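# Notes for the structure review
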Amino acid sequence: MRSEEGACIYDLDKGVVLQVGKGKGSEALVPFWKRIKINKVQIESVAIDMSPAYILSVKTNAPKATMVFDHFHIIKKLNETISKIRRDLYNKEKDKVIKKSLKGSRWLLLKNPENLNLEKGEDSRLEKVLETNTTLFYAYYLKEELRELWNQDNIRDASKLLKQWIEEANETEIPQLKKMVELLTKHKTGILNWYKCNISTGPLEGINNKIKTLKRQAYGYRDLDFFMLKIKAMHQDIYAKCG
């Protein structure tokens, strides 16, 4: 369940889009929940972003379902935090040399280390940026540490890592990171539920990109039902197999 292109609901088992609701609030999910109740479907688990409206909607309509907060969404939030830290530092920096290195460093900071282009010297450029700015160094280190949260052997180890991350982020006294701490602390259970139900909204990334393409091609569909049919058409073969 994702919100970037409206309430997009995807069946992870069958690999099909179930519904695209208008808007990003809980009202967009009402038709879906009606279908669920009419057909007496029992939902066991839900992968969801941390939208308060969606969280409340799931708790209200599927209270027994295990709610898993999508780890891609969490990393995205942290990347946005790092981007804001870099931007604020750039705007405040007076040293022209440091300011120049900060200007082109956004994608280097957001890239995973294994994806850095060594031939283009991206590793050296990143190292230089981190050496000249302690705040970015801590933020980058914490970004990489949080990525390991989903690589632990079990939920107990993951819980320890998350607790340690929260403590370290708090100790940095970086305001933007403190906001991330509040977010992760509030949603700790749903984050760690990934170890109970290994699901995510990852498959919806491709769907969202296709939806964006459809909207660009049609300059926006006014008829939501027609738009939904266009989206379902992308999965016609899958729907046929699923009956």
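An account of the accompanying structure is given in this report. Just so you know, these numbers come straight off a predicted model, no measurement behind them.

## Some remarks on the overall build of the chain
For the chain, the helix and strand inventory stands at 13 helices and 4 strands. Residues counted as buried form 43% of the 243 residues belonging to the chain. In the chain, the share of contacts with a sequence separation of at least 24, taken over all contacts with a separation of at least 6, comes to 59%. Just so you have it, the chain exposes about 14500 Å², and 51% of that area is on carbon and sulfur atoms.

## Structural notes on a nonpolar patch on the surface
Taken together, Phe-137, Tyr-138 and Tyr-141 make up a surface patch of nonpolar side chains, about 310 Å² in accessible area. By secondary structure assignment, the location of Tyr-138 is in helix α7 (residues 134-147). Its relative accessible area of 39% is what places Tyr-138 among the partly exposed residues.

## Remarks on the environment of Leu-136
Turning to its location among the elements, Leu-136 is positioned in helix α7. Residue class for Leu-136 comes out buried when judged on its relative accessible area of 0%. Sequence spacing of Leu-136 and Leu-102 is 34 residues, and the spatial spacing of their C-alpha atoms is 9.8 Å. What Leu-136 contacts, discounting residues up to four positions off in sequence, is Ile-85, Arg-86, Leu-89, Leu-102, Leu-109, Val-129 and Leu-130.

## Comments concerning the nonpolar core
Residues Leu-146, Leu-149 and Trp-165 are the most contacted members of the largest nonpolar core, which totals 57 residues. The residues contacting Leu-146, other than those within four sequence positions of it, are Ile-74, Ile-75, Leu-78, Leu-162, Trp-165 and Leu-184.

## Here we look at the pattern of salt bridges
Counted by the stated rule, this structure contains 5 salt bridges. Lys-111 is paired through a salt bridge with Glu-122; the nearest N and O atoms lie 2.8 Å apart. One end of the pair, Lys-111, is in the loop between α5 (106-110) and α6 (122-131); the other, Glu-122, is in helix α6, with 11 residues separating them in the sequence. What makes Lys-111 partly exposed here is its relative accessible area of 28%. Classification of Glu-122 by relative accessible area gives buried; the value is 11%. Residue Arg-147 is joined to Glu-144 by a salt bridge in which the shortest nitrogen-to-oxygen separation is 2.6 Å. Note that Arg-147 and Glu-144 are positioned in helix α7 at a spacing of 3 residues, about one turn of the helix. Because the salt bridges share partners, they merge into one network encompassing Glu-114, Lys-143, Glu-144 and Arg-147.

## Topic: unusual backbone geometry
Working note: non-glycine residues mostly have negative phi, and peptide bonds are mostly trans. One non-glycine residue, Lys-40, lies in the positive phi region at around 55°. Locating Lys-40 in the fold gives a position in the loop between α1 (30-38) and β3 (45-48). When its relative accessible area of 72% is taken as the criterion, Lys-40 is described as exposed. For Glu-173, which is not glycine, the phi dihedral falls at a positive 60°.

## Some words on the packing of aromatic side chains
Following the criterion strictly, the structure yields 3 aromatic pairs and no others. One cation-aromatic arrangement involves Arg-106 over Trp-107; the distance from NZ or CZ to the ring centre is 4.6 Å.

## Points about the packing of α7 against helix α8 (residues 155-171)
Taken N-terminus to C-terminus, the directions of α7 and α8 make an angle of 170°; their axes are 10 Å apart at the nearest point. Considering the angle they form, α7 stands roughly antiparallel to α8. Counting all contacts with α7, which are made through Tyr-141, Leu-142, Glu-145 and Leu-146, the residues of α8 involved are Leu-161, Leu-162, Gln-164, Trp-165, Glu-168 and Ala-169. Its residues assigned to classes, the contact of α7 with α8 shows 7 nonpolar, 1 polar and 2 charged.

## Points about α8
Helix length check: α8, at 17 residues, gives a terminal C-alpha distance of 24 Å against a target of 24 Å (1.5 Å per residue), a fit within 8%. Turning to α8, its buried residues number three or more, namely Ala-158, Leu-161, Leu-162, Trp-165, Ile-166 and Ala-169. In a view along the axis of α8, the buried residues occupy a sector of 140°, so they form one face of it. Facing away from the buried side of α8 by more than 90 degrees, the exposed set consists of Arg-156, Lys-160, Lys-163 and Glu-171. Buried residues along α8 sit in contact with α3 (71-92), α7, α9 (175-186) and α10 (188-192). Measuring from the side-chain oxygen of the N-cap residue of α8 to the backbone nitrogen of Arg-156 gives 3.1 Å; that N-cap residue is Asn-154. Positive backbone phi, at 60°, marks Glu-173, one or two positions downstream of α8.

Rules behind the numbers
- Residues numbered from 1 in each chain as written.
- Predicted model: local features only at pLDDT ≥ 70, side-chain atom pairs only at ≥ 80, totals over all residues.
- Heavy atoms only, no water.
- Helix = DSSP H or I, 4+ residues; strand = E, 2+ residues; numbered from the N terminus.
- Buried < 20%, exposed > 50% of the residue type's maximum accessible area, 1.4 Å probe, protein only.
- Contact = heavy atoms within 4.5 Å.
- Areas by Shrake-Rupley, 256 points an atom, 1.4 Å probe, with all protein chains shown as cover.
- Patch = residues over 30% accessible without salt bridge, like charges linked within 9 Å, V, L, I, M, F, W, Y side chains within 5 Å.
- Salt bridge = Lys/Arg side-chain N within 4 Å of Asp/Glu carboxyl O.
- Core = buried A, V, L, I, M, F, W, Y, C linked by side-chain atoms within 4.5 Å.
- Phe/Tyr/Trp six-rings, centres within 6.5 Å; stacked < 30°, edge-to-face > 60°.
- Lys NZ or Arg CZ within 6 Å of the ring centre and 35° of its normal.
- Axes fitted to C-alpha atoms, helices over the stretch in contact; angles between N-to-C directions.
- Parallel < 35°, antiparallel > 145°, perpendicular 65-115°, else oblique.
- Nonpolar A, V, L, I, M, F, W, Y, C, P; charged D, E, K, R; others polar.
- Expected span 1.5 Å × (residues − 1).
- Arc of directions from axis to C-beta.
- Polar contact = N/O pair within 3.5 Å; in protein donor to acceptor, adjacent residues only side chain to side chain.

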